[in-house]
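Read off the chains here:
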Amino acid sequence: MGGDAAHATIELPATGDPITVAALKTELLERLAAGEGVRLDARHVAEPSTALIQTIEAGAAAFAEKTLSFGLLEPSDALCGAYETLGLFTALMSRIVMEV
Amino acid sequence: MNAEDQELRQIFLLECEELVTLAESSVETLRTAPTEDAIHALFRAVHSVKGGAGAFGLDRLASFAHVFETYMDLLRKGKATLDDAAVDLLFDGVDVLRQLSDEARDGEKASTQRYDAALEALRAAAGLEDDVAAKPPPADFDPMAEFEAQMAAAPAADEAPRRKFKIRFVPGPKMLEAGIDPLRILGVLKSLGDLQVEIAGQLPSLVDLDAQICAWSWTGTLETAAPQADLDDVRDMIDDLAVLEFEGEAPPPAPEPEKPATAATTAPAPKKHGAAPIAEPAKPRDKPVATVRVDVPKLERLGNMVGELIITQAFLARQASGLDPEAHRPLFRALDEMGQHIREVADAATSIRA
């Protein structure tokens with residue numbers, strides 16, 4: 001995570017279907033272009049998917065490259081379980097941020 | 001089709017001939033002394049033909065192999081009886097596979113009479129409606145949902161001995177598009193026992209990411225008491241959309257085989273602290289070509305894996321054909337190199353099986 005002061009909050013979709021995942025990618029790219037960090041509000045994710053987690057992880061790398069902040073707020077049990085199932089639990093731990 | 005695709009297609013057609021020959025041999029075994037191994041070998045051969053034919057746009061071959069494979073699936077699960085009539089049907093099916101394979105190679109369309117008759121008979125035996133294959137799935141089709149419910153409903157096998165498998169799971173490029181999410185496949189495996197996986201693979205940058213193509217793969221272990229049929233069901237669910245391997249726990253080392261009689265005539269090596277005699281290594285110039293014994297199924301698996309590589313290479317080449325070679329020079333160079341390596345692997349695998 002970078003040290004930028006400004007960040008936007010994006011609410012992650014409940015379902016990681018292709019349409020919502022594509023929309024998330026677009027939104028992340030827009031924030032990236034604007035030089036804004038992001039918080040992904042992950043409390044409502046009920047049916048995560050590999051595509052959703054790939055997008056989150058690719059986003060994390062892109063924001064880190066530009067030293068912009070990137071974090072997950074209150075990931076739901078479903079999202080935590082999905083990260084763990086994919087073998088990405090350590091990555092998840094490094095993404096979780098607390099709301100201030 | 002560019003020259004490289006054409007070459008890959010030729011390699012597949014050679015592979016296809018071998019698979020059909022293997023299928024013929026399996027059917028012959030089923031006629032004389034039926035074994036489960038022969039049924040599985042025939043299923044795998046037909047399955048591989050289907051996958052490759054689909055990737056190279058050989059629609060008649062792919063469609064026929066699909067129906068054939070569906071019938072074979074019933075046989076291997078004991079849901080259809082392997083009697084004389086079934087064996088005759090399998091022979092007819094393999095004959096038509098050969099005919100279609102020749103047709104694809106020679107470009108001359110063969111008579112459709114046998115094709116139609118065998119296809120109709122296999123469809124009837126497999127319980128397929130005429131238009132099942134042609135019907136597109138509904139928009140909200142979730143192929144995983146029914147499967148997950150079926151696996152969850154399977155009786156627990158707590159009393160059965162637990163076995164530990166090494167697993168390797170490599171999703172193919174069309175897996176997500178087909179509605180099969182690797183996350184859910186791993187979830188099903190997790191429900192079968194203790195699953196420990198490590199993830200590998202490099203995600204593209206966010207800009208380049210196509211989230212509907214899984215960039216990751218997994219290796220790890222699965223310790224489970226689930227019956228083999230459950231593992232087979234997971235593999236069947238994936239079909240040819242991914243590679244999913246279960247490698248059984250290595251058995252304890254076998255006792256040292258007795259030295260061949262000729263060894264007794266050679267001078268014994270000096271003993272070291274009471275250890276077993278160690279034969280003096282031969283000088284390099286005297287050393288014969290080293291050989292190892294490999295189970296035929298392992299060689300078949302190698303062949304199948306090479307086939308999968310060729311299919312994936314063809315897919316990648318097709319995807320890349322729409323890109324500007326100048327703008328994506330490193331990608332095209334990597335594709336060229338990969339194609340070269342795959343051809344070498346295919347040649348080596350073919351020479352092993354010869």
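Now for a quick tour of the structure.

Calculation rules
Residues numbered from 1 in each chain as written. Chains lettered and ligands numbered in written order. Predicted model: local features only at pLDDT ≥ 70, side-chain atom pairs only at ≥ 80, totals over all residues. Heavy atoms only, no water. Contact = heavy atoms within 4.5 Å. Buried area = accessible area lost by both parts, 1.4 Å probe. Salt bridge = Lys/Arg side-chain N within 4 Å of Asp/Glu carboxyl O. Polar contact = N/O pair within 3.5 Å; in protein donor to acceptor, adjacent residues only side chain to side chain. Helix = DSSP H or I, 4+ residues; strand = E, 2+ residues; numbered from the N terminus. Nonpolar A, V, L, I, M, F, W, Y, C, P; charged D, E, K, R; others polar. Expected span 1.5 Å × (residues − 1). Buried < 20%, exposed > 50% of the residue type's maximum accessible area, 1.4 Å probe, protein only. Arc of directions from axis to C-beta. Core = buried A, V, L, I, M, F, W, Y, C linked by side-chain atoms within 4.5 Å. Pairing = 2+ DSSP bridges. Axes fitted to C-alpha atoms, helices over the stretch in contact; angles between N-to-C directions.

**So, the interface of chain B and chain A**
So, point 1. Each partner contributes to the interface: chain B provides 23 residues, whereas chain A provides 23 residues.
So, point 2. Note on chain B versus chain A: buried area summed over both sides is about 1,800 Å², and carbon and sulfur give 68% of it.
So, point 3. Among the residues of chain B in contact with chain A, Leu183, Leu206 and Trp216 of chain B are the three that bury the most area, contributing 38% of the side total.
So, point 4. Where chain B meets chain A, there are one salt bridge.
So, point 5. Run the count over chain B and chain A and you get ten residue pairs in polar contact (both at pLDDT 80 or more).
So, point 6. Counting only elements with at least two residues in the side of chain B that touches chain A, the list comes to helix H7 (182–192) and strand S2 (193–200) of chain B.
So, point 7. For the side of chain B that touches chain A, the element with the most residues is H7 of chain B, which contributes five residues.
So, point 8. Residues of the side of chain B that touches chain A, tallied by class, amount to 17 nonpolar, two polar and four charged.

**Quick look at helix H1 (residues 18–34) of chain A**
Residue and element names in this part refer to chain A.
So, point 1. With 17 residues, H1 should reach 24 Å at 1.5 Å per residue; the first-to-last C-alpha distance of 24 Å fits that figure.
So, point 2. Those residues of H1 not exposed but buried are Val21, Leu24, Lys25, Leu28 and Leu32. Here the buried residues of H1 occupy an arc of 100° about the axis, which is enough to place them on one side. For H1, exposure combined with an orientation more than 90 degrees from the buried face picks out Ile19, Glu30, Ala33 and Ala34.

**Concerning the nonpolar core**
So, point 1. Core analysis: the biggest nonpolar cluster contains 63 residues, and Leu40 of chain A together with Leu189 and Val234 of chain B have the highest contact counts within it.
So, point 2. With eight residues, the single largest contributor to this core is helix H2 (residues 50–65) of chain A.
So, point 3. Formed by 54 residues, the second largest nonpolar core is a distinct cluster that contains Ala55, Phe56, Ala62 and Leu97 of chain B.

**Concerning the sheet that holds strand S3 (residues 217–224) of chain B**
All names here are of chain B.
So, point 1. Ordered in space as S2-S3-S1-S4, the four strands form an open sheet in which the pairing is antiparallel. Looking at strand neighbours, the two that pair on one side only are S2 and strand S4 (242–248), the edges of this open sheet. Across the sheet, the axes of successive neighbouring strands diverge by a mean angle of 20°, strand direction being ignored.
So, point 2. Two strands pair when backbone bridges link them, and S2 and S3 are joined in this way by eight bridges, in the antiparallel orientation. If you follow Asp194 over to S3, its bridge partner there is Glu223.
So, point 3. Its contacts with the sheet put H7 on strand S1 (163–171), S2, S3 and S4, and the angle it makes with S2 is roughly 150°.

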